[in-house]
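Here is what each chain is made of, one letter per residue.
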Amino acid sequence: MNAPLPLVAGLGLRATARADHLQALWQQACDWLVQQPNWPAGQVPTVTTLAVLAHKAGHPALQAWRAQLPWATRLLALPPVQLAGQPVPTQSARLLARYGTGSVAEAAALVAAGPGARLWRPRWVAADGCATLALALACAAPSFDCVSGEAIASPLEE
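Here is what the cut-offs are and how they apply
- Residues numbered from 1 in each chain as written.
- Predicted model: local features only at pLDDT ≥ 70, side-chain atom pairs only at ≥ 80, totals over all residues.
- Heavy atoms only, no water.
- Helix = DSSP H or I, 4+ residues; strand = E, 2+ residues; numbered from the N terminus.
- Buried < 20%, exposed > 50% of the residue type's maximum accessible area, 1.4 Å probe, protein only.
- Contact = heavy atoms within 4.5 Å.
- Areas by Shrake-Rupley, 256 points an atom, 1.4 Å probe, with all protein chains shown as cover.
- Pairing = 2+ DSSP bridges.
- Core = buried A, V, L, I, M, F, W, Y, C linked by side-chain atoms within 4.5 Å.

Glancing now at the overall build of the protein. Within the protein one finds 5 helices and 8 strands. The order of α-helices and β-strands along the protein, N terminus first, is β-α-β-α-β-α-β-α-α-β-β-β-β. Across the 158 residues that make up the protein, the buried fraction comes to 49%. Long-range pairs, those at least 24 residues apart, make up 71% of the contacts in the protein between residues at least 6 apart in sequence. Accessible surface computed for the protein: about 7100 Å², of which carbon and sulfur atoms make up 58%.

With that out of the way, let us pick up the pairing of strand β7 (residues 131–137). Counted residue by residue, β7 has 7 buried out of 7 residues, so it is predominantly covered. Side chains Ala131, Leu133, Leu135 and Leu137 project from β7 onto one buried face, and the interleaved Thr132, Ala134 and Ala136 project onto a second face that is buried too. Taken together, the 7 bridges between strand β1 (residues 7–13) and β7 define a ladder with antiparallel strand orientation. For Gly10, the partnering residue across the bridge sits in β7 and is Ala134. Alignment of strand β6 (residues 124–125) against β7, held across 2 bridges, turns out to be antiparallel. Each bridged residue has a counterpart across the sheet, and for Val125 the counterpart in β7 is Thr132. Taking the residues that link successive antiparallel strands as the turn, the β6-β7 hairpin has 5 residues, and the phi of Gly129 there is positive, at about 75°.

A general feature of soluble globular proteins is that nonpolar side chains tend to end up buried together. Core analysis: the largest hydrophobic core is formed by 31 residues, its most contacted members being Trp26, Trp65 and Leu135. Elements supplying a minimum of two residues to this core: β1, α1 (19–33), β2 (49–53), α2 (60–68) and β7. The element contributing the most residues to this core is α1, with 7 residues. When sequence neighbours within four positions are dropped, the list of residues in contact with Leu135 reads Val8, Ala9, Trp26, Ala29, Leu33, Val47, Ala109, Arg118, Leu119, Trp120 and Trp124. With 20 residues, the next largest nonpolar core counts Leu78, Leu95, Ala108 and Ala136 among its residues.

Laid out in structure tokens, this is it:
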């Protein structure tokens, strides 16, 4: 079996987010990833790092979900200034005004994954909009089809 890909998850969380929302987003992401033509056959997706805004690192939903994960992850608490100016495909006017980037989840994933990182696709959004999840692939990973840098409108905001 191949070594796990260096996946980084960026998360956007509202106060009302719950652990089951994060698990549902992760399941959506996993279901999507394993259907991609370049995903290694038989490999179960895992993330090496969870990245969130610093003031969300203690969010009860995040802590509860992280405790349920069957693998160890690093939690990276990012100050908002690190996300400012990070190009992302999703463009939320509210988040641009507040954090200087159009998607907290997408920007956090890219920043945490390091220079040259790429998003797999625009973020996944919980049904009620209380949480978002984006996956980035660190630059040292093999070449995969990832999302372009084109901006898209944000129907739901983080």
